[in-house]
Amino acid sequence: MTVIDDIAAELDQLAIEVPSWAYGNSGTRFKVFATPGTPRTVEEKIADAAMVNKLTGLAPSVALHIPWDKVDDYGNLASFAGEHGMKLGTINSNTFQDDDYKFGSLTHSDAAVRNKAIDHMYECIEVMNVTGSRDLKIWLADGSNYPGQADMRSRQDWLQDSLRKVYDRLGEDQRLVLEYKFFEPAFYHTDVPDWGTSYAHCLQLGEKALVCLDTGHHAPGTNIEFIVAQLIRLGKLGSFDFNSRFYADDDLIVGAADPFQLFRIMAEVVRGGGLDPSSGIALMLDQCHNLEEKIPGQIRSVLNVQEMTARALLIDRAALTAAQESGDVLGANAILMDAFYTDVRPGLAQWRESKGLPADPLAEYRASGYQDRINSERQGGQQAGWGA
Ligand code: LRH
Ligand code: MN
Ligand code: MN
């Protein structure tokens, strides 16, 4: 018996989507360090993602970013993924790397630029039609740097107008997830800075529009788990972009900077029924590995999510409710902390073994020889996308 036995059924539901760009080289505006074995093609990114899934049993789908992952035939790509036991997941749009978008994309004052951005979203929906992906992710770099530079109010109207056109193109089972971010690259105002703005637009659009919460996109000190609780309560949490941050949009390994925050977030996901696939909440990573090797970095990431999910599942809900309702402040806090401090790692190792997975996925990866093979096979790997 381990602490995991009682929560194994819920744990089995956990599925995390990994981002194709996590396998490419990335860095900061100061330097992108190349890592040996970096994929040269989308297929190689998918093969690496498949390795993460094979060793952890946790990551059965991979998100694409268009145009970083542009190919001629997405049907072929989906088959390739299928042969590797993977599905193609969320399609991430990109309206932030074209000169035309200097002053905005879906929010631009010029209808011609807005239409170009809308056409890009249509192109992404075409990709989804072929890959069978459910979600179109929209994150906008739109905003301004100086007070007076742009008419913030009109831009909200243009944004809703543009989003409506995109929304109307979605198929029956497709969804749009609108990601917010409080700053960067715009520094004075951002057109979708917070969950409230995303929520307002999604509400106006309809039920196929939902909020995407990137855990790195908030001001320091923000109570992110409150936002999670609220959006689940409103039925409007579509997806997560998991990562962790110390200062800005650091895109570090999820749970690395603040595992307690990840625990608190997962506690609200569990509380809201968000682990159940029927909740429609996609748990995705949006990370980059600037210094560390990418595949072990991704393995570490999905294991971190699993560990904090297991701890969240261990919260004694009945006791917690009783403590909360009787005004037992310290008792309630202690119940939460007991779950957080429970070491679930030995139990999870046994859980993995019971499923024919390696008890220690990172050690198994080292022993597999995969990294040595790709280091010698792949020369001149791709940059993840930034500055490309
Ligand atoms: C923006 C963002 C968004 C992009 C990704 C690469 O900061 O979080 O999700 O698509 O990074
Ligand atoms: Mn993101
Ligand atoms: Mn980000």
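You'll find the structure just up there.
Worth saying up front: this structure is predicted, and the values here are computed from it rather than measured.

Asks: I keep staring at the sheet that holds strand β3 (residues 87-92) and nothing clicks. Help me out?
Replies: Strands belonging to one sheet form pairs held by backbone hydrogen bonds; the direction of such a pair is parallel or antiparallel. If you walk around this closed barrel you meet the eight strands as β1-β2-β3-β4-β6-β8-β9-β10, and the pairing is parallel. Between one strand axis and the next, the sheet turns by 30 degrees as a mean value, whatever way the strands run. Here five bridges tie strand β4 (residues 135-139) to strand β6 (residues 175-179), and the two strands are oriented parallel to one another. Bridge pairing links Trp-139 to Glu-179 in β6.

Asks: Would you mind going over the packing of helix α10 (residues 317-325) against helix α11 (residues 329-340) with me for this structure?
Replies: What describes two packed helices is the angle between their axes and the distance between those same axes. At a minimum axis distance of 8 Å, the contact between α10 and α11 shows a crossing angle of 160 degrees. As far as their axial angle goes, α11 and α10 are roughly antiparallel. Where α10 crosses over α11, the two elements pack in a sense that is left-handed. Contact residues: Ala-319, Leu-320, Ala-323 and Gln-324 in α10; Gly-331, Ala-332, Ile-335 and Leu-336 in α11.

Asks: I tried to follow the pairing of strand β10 (residues 282-285) on my own but got confused; where do I start?
Replies: Remember that side chains alternate between the two faces of the sheet whenever the strand is regular. Every second residue of β10 is oriented toward a common face, with Ala-282 and Met-284 on one face and Leu-283 and Leu-285 on the other, all of them buried. Looking at chain direction, strand β1 (residues 16-19) and β10 are connected through two bridges and run parallel. Each bridged residue has a counterpart across the sheet, and for Ile-16 the counterpart in β10 is Leu-283. In this fold, the crossover linking strand β9 (residues 237-242) to β10 by way of helix α8 (residues 259-271) has right-handed handedness.

Asks: What am I meant to see in the site of ligand 1 here?
Replies: The local shell around ligand 1 consists of Asn-92, Trp-139, Glu-179, Lys-181, Asp-214, Asp-241, Asp-249 and Asp-286. For the shell around ligand 1, the per-class residue count stands at one nonpolar, one polar and six charged.

Asks: Explain the environment of Lys-116 to me, please; I cannot follow it from the model alone.
Replies: Position of Lys-116 relative to the elements: it lies in helix α4 (residues 111-131). Given 17 C-beta atoms within a 10 Å radius, Lys-116 is considered partly exposed. Distance from Lys-116 to Ser-105, taken between C-alpha atoms, is 7.9 Å for residues 11 residues apart in sequence.

Reading the values: the criteria
Residues numbered from 1 in each chain as written. Chains lettered and ligands numbered in written order. Predicted model: local features only at pLDDT ≥ 70, side-chain atom pairs only at ≥ 80, totals over all residues. Pairing = 2+ DSSP bridges. Helix = DSSP H or I, 4+ residues; strand = E, 2+ residues; numbered from the N terminus. Axes fitted to C-alpha atoms, helices over the stretch in contact; angles between N-to-C directions. Parallel < 35°, antiparallel > 145°, perpendicular 65-115°, else oblique. Left-handed = near helix turned anticlockwise from the far one by under 90°. Contact = placed C-beta atoms within 7 Å. Buried ≥ 20, exposed ≤ 12 C-beta atoms within 10 Å, placed from the backbone. Right-handed = clockwise from strand over helix to strand, strands pointing away. Near = placed C-beta within 6 Å. Nonpolar A, V, L, I, M, F, W, Y, C, P; charged D, E, K, R; others polar.

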